[in-house]
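Results of the structural survey
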Amino acid sequence: MYQLNLDIAHFLEHYWQKRPLLIKGGFTDFQDPISPDELAGLAMEEVVESRLVTRFDNKWEAAHGPFESYDHLGEENWTVLVQACNHWAPEVHELALPFQFIPGWRFDDVMVSFSTPHAGVGPHIDNYDVFITQGLGKRHWRVGDAKPLNEFAAHAALLHCEPFEAIIDVIMEPGDILYIPPGFPHEGYAIEPSMNFSVGFRAPDAKALISSFADHLIDNEVRTERYGDADLKPRARHGEIQPSELHRLRELMQQALDDETLFKAWFGAMISEAKHDLDVNPVEPDYSAEEVADLLTQGEPAIKVPGLRSVWFSGESQQCYIDGEAWTLPSDDAAAISLLCDKDIITQADMVELADQAGFLQLLTRLINRGYWFFS
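Looking at an unreviewed UniProt entry, one finds the protein chain named Cupin domain-containing protein, with Aeromonas popoffii as its source organism. Recorded in UniProt under Cofactor (unreviewed entry), the annotation for the protein chain is "Fe(2+)".

Here it is in structure tokens:
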């Protein structure tokens, strides 16, 4: 288990979403949870999302995996990146646990990269929060202030920004952590063969949220109110849209958003759905609830699949959302909801305070049979 050397309350007050921070020695005696060879192997898998970024003769190139070989690349100027590496390597998922002081629905994934000397992905600006932990090797990082900068495509799959003045300019060593909020330009280049582990937190914008909500209405065939103007008066200007009509249109759209049940059903499903493939293996044949209870009693913990997104709404303790789907307990049970959504491991001892152990076991069994939880 990684121990984060950080005053969390001070960090949230002074740095989170405000300004970047170098956390020198953020993890003491840090050990890479995955090796470069293991990472390269993952990038060869069809189901794993990966990229290869190179810069030869000052020309940037980027390609998406899976990759067959790296032998032709040489010893400098290339980086391999694996997105959602925590979905495929439980040891990498453990690196996200120290950052659970941030709401789980904001968590995205752990991206891992291996870079040869002089390699990086170029100067760029991200629209999400990220904690970058330095693993193997050393890397030179520069971070600029959040000011308007021109962005351009250095390659069809690589967006860069213009040069910037650094407010952080540092060589990171194993265990150092660099926090970068959205909008702050940054670039990092390996001094020697280097591993980097980026714990990212999503920040959806209004456009993406509105689009997703509209898709939810369509996909679920939700009936909504239609515009009406039974009080219409004779109009002298045929092409005019009056303020009262615009207000009525806005109210019509707002009615759908104000439907709390509808809004929660959409957001719970949307925010819990995995953006990347999960390492899910449904059980065959299915477990019975009695078999699950016996395994827990024998000391076998149930383990959540790394990267599985599970959320619930404060004040509601019967329904939760797991991987884009609503799941319902037989009765309200705050302890049960917390076990399913807040924990990564469930043991028999965890179930002592449950109001309805039998009902919880039935739901847990369904999730295990689906492959969302498993026994080691």
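**Description of the overall build of the protein chain**
When helices and strands are tallied, the protein chain shows nine helices and 19 strands. In terms of principal-axis extent, the alpha carbons of the protein chain reach across some 75 × 70 × 45 Å. Within the protein chain, the proportion of its 376 residues that are buried is 45%. By sequence separation, contacts in the protein chain at least 24 residues apart represent 76% of the contacts at least 6 residues apart. As presented, the protein chain carries roughly 20,200 Å² of accessible surface, and 51% of it is formed by carbon and sulfur atoms.

**Notes on the sheet that holds strand E15 (residues 310–311)**
Strand order in the open sheet formed by three strands is E15-E16-E17, and the pairing between neighbours is antiparallel. What marks the edges here is a single partner per strand, and that holds for E15 and strand E17 (325–328). As judged from the four bridges shared by strand E16 (residues 319–322) and E17, these two strands associate in the antiparallel manner. Directly across from Cys 320, in E17, lies its bridge partner Trp 327. Helix-sheet contacts for helix H8 (residues 334–342) involve E15 and E16, and the interaxial angle to E16 is about 10°. Sitting on the sheet, helix H9 (residues 357–370) is in contact with E16 and E17, with an inclination near 145° to E17.

**Concerning a negative patch on the surface**
The grouping of Asp 37, Glu 38, Glu 91 and Glu 94 at the surface amounts to a negative patch. In this fold, Glu 91 is placed in helix H3 (residues 90–93).

**Section: the sheet that holds strand E13 (residues 194–201)**
The eight strands lie next to each other as E1-E11-E6-E13-E5-E4-E2-E3, forming an open sheet whose pairing is antiparallel. Taken across any chain shown, the strands that pair with only one partner, and hence form the sheet edges, are strand E1 (21–23) and strand E3 (59–64). Averaged over all adjacent pairs, the angle separating strand axes in this sheet is 20°, with direction ignored. Examined bridge by bridge, strand E2 (residues 50–56) and E3 share six bridges and lie antiparallel to one another. Across the sheet, Arg 51 pairs through a bridge with His 64, a residue of E3.

**Observations concerning the state of the cysteines**
Tallied over the entire structure, the rule returns zero disulfides. Between Cys 341, a free cysteine, and Cys 320, which holds the nearest cysteine sulfur, the sulfur-to-sulfur gap is 4.1 Å. Take Cys 341: its relative accessible area is 10%, and that puts it in the buried class.

**Some words on helix H6 (residues 260–272)**
With 13 residues, H6 should reach 18 Å at 1.5 Å per residue; the first-to-last C-alpha distance of 18 Å fits that figure. Among the residues making up H6, those that are buried are Leu 262, Lys 264, Trp 266, Phe 267, Gly 268, Ala 269, Ile 271 and Ser 272.

**Quick word on the side chain of Thr 116**
Locating Thr 116 in the fold gives a position in the loop between strand E5 (107–115) and strand E6 (129–134). Taking the relative accessible area as the measure of exposure, Thr 116 reaches 4% and is therefore buried. Here the side chain of Thr 116 touches Trp 78 through a polar contact of 3.0 Å, landing on its backbone nitrogen.

**A short note on the side chain of His 93**
Mapped onto the fold, His 93 is located in helix H3. Owing to a relative accessible area of 15%, His 93 belongs among the buried residues under this scheme. If sequence neighbours within four positions are ignored, His 93 has contacts with Asn 86, Pro 306, Gly 307 and Asp 344.

Procedures and definitions
- Throughout, a residue's number is its position along its own chain's written sequence, starting from 1.
- Side-chain atom pairs in this predicted model are given and counted only at pLDDT of 80 or more, local residue features only at pLDDT of at least 70, and totals for whole chains, interfaces and linings cover all residues.
- Note that the side-chain values use all heavy atoms of the structure and ignore hydrogens as well as water.
- UniProt positions are given in the numbering used here, feature names are shortened, and annotations may be inferred rather than shown by experiment.
- In DSSP terms, a helix is any run of H or I states spanning at least four residues, a strand is any run of E spanning at least two, and both are numbered starting from the N terminus.
- Only protein chains enter the calculation, and the probe is 1.4 Å; a residue is then buried if its accessible area is under 20% of its type maximum, exposed if over 50%, and partly exposed in between.
- Contacts are assigned to residue pairs with any non-hydrogen atoms lying within 4.5 Å of each other.
- Residue burial considers only the protein chains on display, and all accessible areas are found by Shrake-Rupley using a 1.4 Å probe.
- Here a strand pair is declared whenever DSSP counts at least two bridges between the two strands.
- Every angle, taken between N-to-C directions, lies between 0 and 180 degrees, and every axis is a line fitted to C-alpha atoms, over only the stretch in contact when it is a helix.
- Think of a patch as exposed residues, more than 30% relative accessible area, with no salt bridge, where like charges cluster within 9 Å and nonpolar side chains (Val, Leu, Ile, Met, Phe, Trp, Tyr) cluster within 5 Å.
- Salt bridge criterion: a side-chain nitrogen from Lys or Arg within 4 Å of a carboxyl oxygen from Asp or Glu.
- Only four residue types enter the tally: Lys and Arg on the positive side, Asp and Glu on the negative side; His and the chain ends are excluded.
- Note that the charge is assigned to NZ on lysines, CZ on arginines, CG on aspartates and CD on glutamates.
- The disulfide definition used here is simple: a pair of cysteine sulfur atoms within 2.5 Å.
- The span one expects for a helix is its residue count, reduced by one, times 1.5 Å.
- By the criterion applied in these results, polar contacts are pairs of N or O atoms within 3.5 Å in which, for protein atoms, one can donate a hydrogen and the other can accept it, and in which residues neighboring in sequence qualify only through two side-chain atoms.

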